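Structure assessment
This is what each chain is made of:
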Amino acid sequence: MAYDIDMIKKVYQHLPERIAAARKLLGRPLTFTEKILYSHLTDSLPKAAFKRGADYVDFQPDRVGMQDATAQMALLQFMQAGRSKVAVPSTVHCDHLIQADIGAKADLETAINKNKEVYDFLASVSNKYGIGFWKPGAGIIHQVILENYAFPGGMMIGTDSHTPNAGGLGMIAIGVGGADACDVMAGLPWELKFPQLIGVKLTGKLSGWTSAKDVILKVAGILTVKGGTDRIVEYFGPGAESISCTGKGTICNMGAEIGATTSIFTYDSKMSDYLKSTGRADLASLADGVAEHLKGDKEAYETPEKYFDQVIEIDLNTLEPHVNGPYTPDLAWPISKFAQAVKDNGWPKELEVGLIGSCTNSSYEDISRAASLAKFAVEHGLKTKSEYTVTPGSEQVRYTVDRDGYLQWFEKLGGVVLANACGPCIGQWARHTKDPDKKNSILTSFNRNFAKRNDGNANTHAFVSSPELVTALAIAGDLTFNPLTDTLTNDKGEKVKLPEPTGIELPGKGFDVKDRGYQEPAKDGSKVQVLVSPDSQRLQLLDPFSAWEGIDLKGLRLLIKAKGKCTTDHISMAGPWLKYRGHLDNISNNMLIGAMNSFNGKTDSVKNELTGEYGSVPAVQRAYKAAHIGTVVVGDENYGEGSSREHAAMEPRFLGVRVILVKSFARIHETNLKKQGMLAVTFADKNDYDKIREDDTIDVLGLTTFAPGVQLTMVLNHKDGTRDNIKLNQSYNENQIEWFKAGGALNIIRSQVKA
């Protein structure tokens, strides 16, 4: 379980010389982000690193983190790589497969019984290959990483889009697909397009109802869900230094919602205090010793417009509490304007459920601030009018806040404490509703709120806010309630105004826990057997994807032309489908069932050109596959935003889709498609999206001379005998073209390890 202090010492040992070399070659001061990136390059300083956003460069991360839903596929791929042990420290965290229903104890017992074969597989494969295993109930990956493994100046990748949570401890932490994790665990370099930088200067200090969550809700409103694509967001300034370490983690965590590669804060005393409080005083001492290298150069912050590609300034003194939504995390509303927005838009004002916690907001500080409101409400004759749930982020946090008396106030208020798991945030929620067809509203302290994400119900209007605001509005049961100005009526008919929330950053008696839920891997895993039943409906060993045929693709059919937002939740839903995350064939039956067909305005209804009839997307695609006909999926802007789940790339690959053509991609999804040997391209002219017809026969030309920066051509052969030639842009580099030709990056890894 212990963090690798010797590895961290080596990272810090090399920091000064690598930073000095980068500063000398660039001839200018460096931001903190640049210092970490340059210190983790596998090559000295490639030219691509000097032009942000220009090209891919190779990095060597310090560790890998995987959550149970994505770890299944990542480790099934790693098993094909031919290695006996992972090359870098790696961990698996069982947090996604626990469904929230009754309460923590019962839900955890149900999950352990229901998911036994998956947990047994993950435990055994971790034991065999030297991977630390965190059992179900131990906590959510990002909170556990922050408490145990994250360190200032380090670099990690994780198979979850909210991996950037570790940026709260000054770490470059990036969400990736399982194939990327497989590369790093196999000891190979990991490539990333060298990002541009967004600087967010924070001044002032948070107070009253305003919390760290409101910083990222404000930033999301400014940048939108794609404003951070291929960019890293670095927070700095006196306001940044005043925010707690876990508050910083909240901000970095939800940076995934603006499409950012990652987000990060520079090292400061708040981080040092957190390291000491979580039993890592030796690491705090090491970091303090190299503190000058764990922040950007002074000049970079004095004139940030010279060193960042974009600069945003936020005054924390005047920042209002926010509520974002519905249906998208970048629709930002200051609390002073939210009630009117609810009325103007006709959103259901009755709040049916308030949910706090999750990987984004379940720290000791978050829980104590929300509990201060719960305590006041109970003592003044108030209870929640909405259903109310609390999801602790880890067993360490849960045990400590229970010891310190906070959990009792949520229960007395009428709330239910759920298991230390993702639960409702990812759709693992047995929602209690009498009428699923009724339009309704829920409010969470989670991170994203796409349609159907939390409960699978398109009628649910999901909003995102801080735990404090969620608690207040759940007590009121009304979205138009503003706790800063409005009053409530208690059980005696008295008018009561909620006080400003108060909390404690770190427990005065320190953190404590009886059972962390950690399993150390075997020192020699050669005799450990990985448990996968050949008859399993939840786990399936993988076969390599076939290589490219060496010719242009001709005679393809259109599978779907998706209209509007098409996230990874639309492409590969979570919720009840999570149980198939280790079985590629079975989970492929959810492929694109949430995407809207532009030709009929329906979801999961596309035309089968072999029969002329409409059917489910996966069923129609399986018919094309059986007939040996390749297909094309067409999408809109920011296609694949959201989760890092590579199933959204593997499913179309497995079912025979050959081309994904969109107006623009979200970063992780585009990389995932390339890793699986897919052809991921964009319209050179976005208006050409309108030229694609439902019954086209499609050719893709130029693959025999596939080269970086060279456009491809798509021929649309229309049923009326006419034809359109359109140009396609592609961002493949030489290595990625080899992935395409080989049928996937894993095929190349396998051949290299065997060699």
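First, a word on scope: everything that follows refers to the structure included in this document. Please read all numbers here as calculations on a predicted model, not as lab measurements.

**Points about the overall build of the protein**
A tally of helices and strands in the protein yields 25 helices and 30 strands. C-alpha extents for the protein along the principal axes are approximately 75 × 60 × 55 Å. Across the 755 residues of the protein, 64% fall into the buried class. Once local pairs closer than 6 in sequence are excluded, the contacts in the protein between residues at least 24 apart make up 76%. When the 85 positive and 90 negative side-chain charges of the protein are each reduced to one mean point, those points stand 1 Å apart.

**Some thoughts on the sheet that holds strand 6 (residues 172–175)**
Taking strand neighbours across the sheet as the criterion, the 6 strands line up as 6-5-2-3-4-21 in an open arrangement whose pairing is mixed. The two strands at the open ends of the sheet, each matched to only one other strand, are strand 6 and strand 21 (518–519). Sheet analysis places strand 3 (residues 90–93) next to strand 4 (residues 132–134), joined by 3 bridges and oriented parallel. By the bridge assignment, V92 is partnered in strand 4 with F133.

**Re the packing of aromatic side chains**
The geometry of an aromatic ring pair comes down to the distance between the two centres and the angle between the two planes. Taken as a whole and judged by the stated rule, the model has 22 aromatic pairs. Ring geometry for Y38 against F194: centres 5.5 Å apart, planes inclined by 25°, an arrangement best described as stacked. Taken together, the residues span a long stretch of sequence, with Y38 in helix 2 (residues 32–39) and F194 in the loop between strand 7 (190–193) and strand 8 (196–203) at a distance of 156 residues. A single burial state applies to Y38 and to F194, both of which are buried. Between the aromatic rings of W333 and W347, the centroid separation amounts to 6.0 Å while the plane-to-plane angle is 70°, which identifies the pairing as edge-to-face. Linking W333 in strand 13 (residues 332–334) with W347 in the loop between helix 14 (335–345) and strand 14 (351–357), this pair joins segments that are 14 residues apart in sequence.

**Description of helix 23 (residues 667–675)**
Most of helix 23 sits inside the fold, with 9 of its 9 residues counted as buried. Looking only at helix 23, the buried set comprises R667, I668, H669, E670, T671, N672, L673, K674 and K675. Phi turns positive, to about 80°, at G677, one or two residues after helix 23.

**Points about the environment of Q60**
Structurally, Q60 can be placed in the loop between strand 1 (56–59) and strand 2 (63–67). Judged by its relative accessible area of 28%, Q60 is partly exposed. Separated by 393 residues in sequence, Q60 and R453 place their C-alpha atoms 34 Å apart. Sequence-distant contacts of Q60, defined by excluding residues within four places in its chain, comprise H40, T42, V88, V184, L188 and P189.

**Brief notes about the state of the cysteines**
Per the counting criterion, the structure on display carries 0 disulfides. In this structure C94 is not part of a disulfide, and its nearest cysteine sulfur, from C422, lies 11 Å away. Assessed through its relative accessible area of 0%, C94 is described here as buried. C252 forms no disulfide, and the closest cysteine sulfur to it belongs to C245, at a distance of 9.3 Å. On the basis of relative accessibility, which here comes to 0%, the residue C252 falls in the buried class.

**Here's the deal with helix 18 (residues 467–476)**
The buried fraction of helix 18 is high, at 10 of 10 residues. Here helix 18 has its buried residues at P467, E468, L469, V470, T471, A472, L473, A474, I475 and A476. Backbone geometry just after helix 18 places G477 at a positive phi near 70°.

**Notes on the packing of helix 1 (residues 5–26) against helix 12 (residues 281–289)**
Where helix 1 meets helix 12, the axes come as close as 11 Å, and the angle between the chain directions of the two elements is 5°. Relative to helix 12, the element helix 1 lies roughly parallel. Judged by residue contacts, I5, I8, K9 and Y12 of helix 1 engage D282, L283, L286 and A287 from helix 12. A per-class count over the contact of helix 1 with helix 12 returns 6 nonpolar, no polar and 2 charged.

**What about the sheet that holds strand 29 (residues 712–717)?**
A barrel is described by the order of its strands in space; here 7 strands give the closed sequence 22-25-26-27-30-29-28, paired in mixed fashion. This sheet shows a mean twist of 40° between the axes of neighbouring strands, independent of strand direction. Sheet topology note: the strand 27 (residues 679–683)/strand 30 (residues 723–729) ladder contains 2 bridges and is antiparallel. In the sheet register, F683 faces strand 30, and the bridge partner there is L728.

**Thoughts on the nonpolar core**
One finds Y12, L75, L202 and Y235 to be the most contacted residues of the largest nonpolar core, which totals 132 residues. By residue number, the principal contributor to this core is helix 1, which donates 9 residues. Leave out the neighbours within four places in its chain, and L75 touches M66, V92, L122, V125, I131 and M185. Grouped together as the second largest cluster of nonpolar side chains are 49 residues, L553, V632, A649 and F665 included.

**Structural notes on the pattern of salt bridges**
In this structure the tally under the stated criterion is 36 salt bridges. For E468, the salt bridge goes to R369, with nearest N and O atoms at 2.4 Å. Of the two residues, E468 sits in helix 18 while R369 sits in helix 15 (residues 364–379), which places them 99 residues apart along the sequence. Each member of the pair, E468 as well as R369, carries the same accessibility label: buried. Among the salt bridges present, the one from E641 reaches K565, with a minimum N-O distance of 3.0 Å. Of this pair, E641 sits in the loop between strand 25 (631–634) and helix 22 (647–655) while K565 is found in the loop between strand 22 (553–561) and helix 19 (568–571), placing the two residues 76 residues apart along the sequence. For E641, a relative accessible area of 7% gives the class buried. Here K565 falls in the partly exposed class, since its relative accessible area comes to 31%. By sharing partners, the salt bridges in this structure join E350, E352, R431, K438 and D455 into a single network.

**What about the pairing of strand 29?**
Of all the 6 residues making up strand 29, 6 are buried; the element is thus mostly covered by neighbouring parts of the structure. Residues of strand 29 alternate between two faces, with L712, M714 and L716 on one and T713, V715 and N717 on the opposite face, all of them buried. Count of turn residues in the strand 29/strand 30 antiparallel hairpin: 5 residues, of which G721 carries a positive phi of about 95°.

**Examining the side chain of N490**
With respect to the secondary-structure elements, N490 resides in the loop between strand 19 (488–489) and strand 20 (495–496). If sequence neighbours within four positions are ignored, N490 has contacts with H380, G381, L382 and V496.

**Let's talk about the packing of helix 8 (residues 212–223) against helix 10 (residues 245–253)**
Put simply, helix 8 and helix 10 touch, their axes get as near as 8 Å, and they point 25° apart. Comparing their axes, helix 10 and helix 8 come out roughly parallel. Judged by the sense of rotation from one axis to the other, the crossing of helix 8 with helix 10 is right-handed. Between helix 8 and helix 10, the residues in contact are A212, K213, V215 and I216 and G247, T250 and I251, respectively. Among the residues making up the contact of helix 8 with helix 10, the classes are represented as 4 nonpolar, 2 polar and 1 charged.

Thresholds applied
Residues numbered from 1 in each chain as written. Predicted model: local features only at pLDDT ≥ 70, side-chain atom pairs only at ≥ 80, totals over all residues. Heavy atoms only, no water. Helix = DSSP H or I, 4+ residues; strand = E, 2+ residues; numbered from the N terminus. Buried < 20%, exposed > 50% of the residue type's maximum accessible area, 1.4 Å probe, protein only. Contact = heavy atoms within 4.5 Å. Lys, Arg positive; Asp, Glu negative; His and termini not counted. Charge placed at Lys NZ, Arg CZ, Asp CG, Glu CD. Pairing = 2+ DSSP bridges. Phe/Tyr/Trp six-rings, centres within 6.5 Å; stacked < 30°, edge-to-face > 60°. Disulfide = S-S within 2.5 Å. Axes fitted to C-alpha atoms, helices over the stretch in contact; angles between N-to-C directions. Parallel < 35°, antiparallel > 145°, perpendicular 65-115°, else oblique. Nonpolar A, V, L, I, M, F, W, Y, C, P; charged D, E, K, R; others polar. Core = buried A, V, L, I, M, F, W, Y, C linked by side-chain atoms within 4.5 Å. Salt bridge = Lys/Arg side-chain N within 4 Å of Asp/Glu carboxyl O. Left-handed = near helix turned anticlockwise from the far one by under 90°.

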